[in-house]
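Chain and residue survey
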Amino acid sequence: MKSKSIKILSLFVFVVIIGTQLNAQEKPFRIGVKVGFPNIVTGNIEIVTPLADERLSLMVDYSKFSFSAEDVELDYSYFEGGMNYYLRRAGHGPYIGVSYTNMSLDLSYDDIESDNTAGLIGSARADLGLNTLNLKLGAKWGGLLYFRPEIGYSFTALPNTVEVDVEFQGQSSEVHIVDVPSVITGGIIVNIGFGFSF
């Protein structure tokens, strides 16, 4: 695992160095990380195309991870693909973005009490999926190292409630309805990115 990480990091550094030398002026390739909501943490790739005087770019964000604790298991995946149009100059400064998102969240946790039978404890599982169109405003500042804030709106907001299937050993299952906090379901997109241009 450690050896694989070192190889990937070495390849990344090599590509950045070579790309910087070959494209010192334009730097049309960007690779970085975004942190925010609803993406949590994603890898980001952007390519500035020659279209529209080099103001139109294509972008992809991707993340997939699992988390396991004593009573909780979580599987999360996030994919976003779209395009950005830079307003002032080729590949720099403020931009408007349009994208499509596919997100899924699978959550399992234990020690859930039955709504119908006092003292009966079970295991719960919730699945949440979202496919949506997004509109964003952002800006890309910097050269080789860049900083990228974004804010936007998702046209399909997360649901206000989630159905949770609860299974009891040797008993029938139940469906619990769980309220999702409104701050999460509003459709707002906020993230901050940083990375390398080459």
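One can find the structure itself at the top, above this paragraph.
These numbers were taken from a predicted model, which means no experiment stands behind them.

Quick look at the pairing of strand β3 (residues 56-68) now. Where strand β2 (residues 40-48) lies against β3, 6 bridges are found, and the strand directions are antiparallel. When the bridges of β3 are listed, Glu46 appears paired with Met59. The turn linking β3 back onto strand β4 (residues 72-86) is made up of 3 residues.

Counting through the fold element by element, Leu137 comes out in strand β6 (residues 121-142). Separated by 52 residues in the primary sequence, Leu137 and Ile189 place their C-alpha atoms 9.9 Å from one another. If sequence neighbours within four positions are ignored, Leu137 has contacts with Tyr95, Ile96, Pro149, Glu150 and Ile151.

Ring pairs (aromatic) are described by centroid distance and by the angle formed between their planes. One pass over the full model with this rule turns up 5 aromatic pairs. On the numbers, 5.5 Å between centres and 85° between planes, the contact of Tyr153 with Phe155 is edge-to-face. Residue Tyr153 is classed as partly exposed on the basis of its relative accessible area, which comes to 38%.

The subject of this paragraph is unusual backbone geometry. Each neighbour pair has its own omega, and for Phe37 with Pro38 the value is 5°, a cis peptide bond. Even without a glycine there, the phi angle at Ala52 is positive, about 55°. Structurally, Ala52 can be placed in helix α2 (residues 51-54). Within the chain, Glu54 stands out as a residue other than glycine whose phi angle is a positive 60°. Within the element layout of this structure, Glu54 appears in helix α2. Among the residues examined, Glu54 registers a relative accessible area of 34% and is labelled partly exposed.

Rules of the game
Residues numbered from 1 in each chain as written. Predicted model: local features only at pLDDT ≥ 70, side-chain atom pairs only at ≥ 80, totals over all residues. Heavy atoms only, no water. Pairing = 2+ DSSP bridges. Helix = DSSP H or I, 4+ residues; strand = E, 2+ residues; numbered from the N terminus. Contact = heavy atoms within 4.5 Å. Phe/Tyr/Trp six-rings, centres within 6.5 Å; stacked < 30°, edge-to-face > 60°. Buried < 20%, exposed > 50% of the residue type's maximum accessible area, 1.4 Å probe, protein only.

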